[in-house]
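# Structural characterization, general
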Amino acid sequence: MAAIDWALLVLRVGTGLVLLAHGVNHAAGRERTTAWFGSIGFRSPGLQWLASTATELGIGALLVVGFLTGPAAAGLVAVMAVAFWSVHRRNGFFIFRPGEGWEYVATLAMIGVALALAGPGKMSVDHNLGIDVRLDGAVGIALVGGGLLLAAGQMMLFYRPE
């Protein structure tokens with residue numbers, strides 16, 4: 001295996017575990033997270049809790065095993081776009097600023113774009129199924145574009161800050 005395959009494995013698994021941790025945190029704190037979604041301006045905060053929890057758990061699991069990596073990477077970018085716009089954009093760049101800046105969500109979004117472009121690497125379910133080269137590159141970027149459109153739709157339908 002080439003060094004790039006090892007690098008993609010580390011990037012995929014590490015990022016997937018981060019997303020899984022976020023999803024578990026949301027699942028464990030259902031009432032708190034639902035209230036938080038309502039407090040930042042989302043209508044149907046219970047639905048937002050369910051969608052964010054399921055999405056983060058799903059993306060995390062898919063990235064860890066390298067299955068449907070392009071769509072998972074697109075989902076990661078979409079989730080980070082929603083987080084950027086609804087929470088972090090007004091707080092400056094650095095995460096340690098009051099209200100948490102956008103450096104963290106930007107970093108995860110860039111990882112998503114990189115995975116969409118590069119694909120999962122040879123140590124993945126996608127590679128073993130022979131679909132890895134069908135979901136990366138231009139197709140991966142198209143998936144990211146679709147994910148961003150879905151994120152924009154979510155914001156238009158549900159985000160109503162005061």
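Unlike most non-glycine residues, Ser 44 shows phi in positive territory, near 55 degrees. Of note, Glu 100 is a non-glycine position whose phi angle comes to about 70 degrees, a positive value. By the element assignment, Glu 100 lies in the loop between helix H4 (69-88) and helix H5 (103-118). Since its relative accessible area comes to 43%, Glu 100 is described here as partly exposed.

Further remarks concern the environment of Asn 91. By the secondary structure assignment, Asn 91 is in the loop between H4 and H5. With 64 residues separating them in the primary sequence, Asn 91 and Ala 27 have C-alpha atoms 26 Å apart. When sequence neighbours within four positions are dropped, the list of residues in contact with Asn 91 reads Arg 97, Pro 98, Gly 99, Glu 100 and Gly 101. Among the polar contacts listed, one links the side chain of Asn 91 to the backbone oxygen of Val 87, at a separation of 2.9 Å.

Time to look at the side chain of Ser 52. Within the fold, Ser 52 resides in helix H3 (residues 45-65). Residue class for Ser 52 comes out buried when judged on its relative accessible area of 13%. Here the side chain of Ser 52 touches His 26 through a polar contact of 3.4 Å, side chain to side chain.

The rules behind these values
Residues numbered from 1 in each chain as written. Predicted model: local features only at pLDDT ≥ 70, side-chain atom pairs only at ≥ 80, totals over all residues. Heavy atoms only, no water. Helix = DSSP H or I, 4+ residues; strand = E, 2+ residues; numbered from the N terminus. Buried < 20%, exposed > 50% of the residue type's maximum accessible area, 1.4 Å probe, protein only. Contact = heavy atoms within 4.5 Å. Polar contact = N/O pair within 3.5 Å; in protein donor to acceptor, adjacent residues only side chain to side chain.

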